[in-house]
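Structure at a glance
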Amino acid sequence: MGNYLFYAVMIILLIISFLKDKQKTKKALKKAWKSFDNILPQILGITMLVGILLAVFNTEFVSSIIGEESGWFGIILSAIVGAITLIPGFVAFPMSDMLLKNGAGYMQIGAFISTLMMVGIVTIPVEIKYFGKKLTVARNILAFIFSFLVAYIIGKVVGGI
Amino acid sequence: MNLIKKYRFFLITICVIVITILIDKNMGLKALSVAGDSFKQMILVIPPIFILLGLLDTWVPRETMVKYMGEGSGIKGIILSIILGSAAAGPLYGAFPVAAVFMKKGAKFSNVLIFIGAWSTTKIPMFLFEISALGAKFAITRLLVDIPGIIIIAHVLSRLISKEEIIKIYKKIENMD
């Protein structure tokens, strides 16, 4: 639904832009194409890589390593799995719900969701292209560390541990 | 030749999938179908982002961006960065080109980082979905920890990276197209 909203906003703005200034709109579309073309090869590669990773890290596999008794080891593993994979939210949240029902702990799921959203090992090449190596690596490391705090608080508040 | 170099990474992943199919047909086909799904998702999200970016780039004057998100935009800039990032849809890699245009237009470095942080983790559509899947307690706790976390990470990062390095990143983005 959110995705179609994007298209709607885009089309409305594009029409307004076109009515106001044809030349500028043309320039805008050219710019759009240029930056799209710039990033397309990486995105195609990432898409395929995500497919490979998700085929390996399926729900059974994930739930086998991050059970409630898995403790800190499980939390670290969940954080690593979240950092490597790139699962869209609308898949990840129901999947996490299922994992919780299958015995995963709240801290583990908190770590998994947090690194999944904030850390992107797979997208690092894209990030480096824009922001350089140093910032990209620093951002991902900080986000990874921060995810343990998120996991801890979620475990305390939601899991009541 | 250039085209092959450009799509090198994509070609390698295709080879890996083909090899996987040869070794374990089920796993390989599953990989392919997941890739197909995320490709569909990408087609839904990416084109409008880039067209909106093109419009932003040509219509919004630099002064406007500097005023609202530049140096000296203070708390207003921080809040705006969080709202803009949270209103987004799509995966994190969609945030990078948007952030690049913000930087080109003179947004402050820490605000750009806050924007990326918000995009990564406090997206409103995702938040609603998170509530329905994992419960309000889980989603709200995460949101409340994440908002200060994003701001702190942004500030630590802008301290960690030297002034020269930041200037270099801005220059690199300036020259990108």
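Coordinates for the structure precede this section.
Residues numbered from 1 in each chain as written. Chains lettered and ligands numbered in written order. Predicted model: local features only at pLDDT ≥ 70, side-chain atom pairs only at ≥ 80, totals over all residues.

**A few points about the overall build of chain B**
When you go through chain B residue by residue, the secondary structure sums to 10 helices and zero strands. What you see in chain B, going N to C, is helices and strands ordered as α-α-α-α-α-α-α-α-α-α. A principal-axis box enclosing the C-alpha atoms of chain B has dimensions of 60 × 50 × 35 Å. Once local pairs closer than 6 in sequence are excluded, the contacts in chain B between residues at least 24 apart make up 77%. (Helix = DSSP H or I, 4+ residues; strand = E, 2+ residues; numbered from the N terminus. Contact = placed C-beta atoms within 7 Å.)

**Side note on the overall build of chain A**
If you tally the helices and strands in chain A, you get seven helices and zero strands. In sequence order, the secondary structure elements of chain A are arranged as α-α-α-α-α-α-α. On C-alpha atoms alone, chain A measures out to a radius of gyration of 20 Å, which is more than a quarter above the 15 Å that the 2.2 N^0.38 rule sets for 161 residues. The dimensions of chain A, computed from C-alpha atoms along their principal axes, are 65 × 35 × 30 Å. Within chain A, buried positions represent 45% of all 161 residues. Sequence separation of at least 24 residues holds for 79% of the intrachain contacts in chain A that already meet a minimum separation of 6. (Rg over C-alpha atoms; globule rule 2.2 N^0.38 Å. Buried ≥ 20, exposed ≤ 12 C-beta atoms within 10 Å, placed from the backbone.)

**Focus on the interface of chain A and chain B**
Each side of the interface is counted separately: chain A has 61 residues, and chain B has 65 residues. Listing elements by their share of the side of chain A that touches chain B, those giving two or more residues are α1 (2–20), α2 (22–56), α5 (89–101), α6 (106–118) and α7 (124–157) of chain A. Per-element accounting of the side of chain A that touches chain B gives the leading share, 23 residues, to α2 of chain A. Its residues placed into classes, the side of chain A that touches chain B shows 40 nonpolar, 13 polar and eight charged. (Nonpolar A, V, L, I, M, F, W, Y, C, P; charged D, E, K, R; others polar.)

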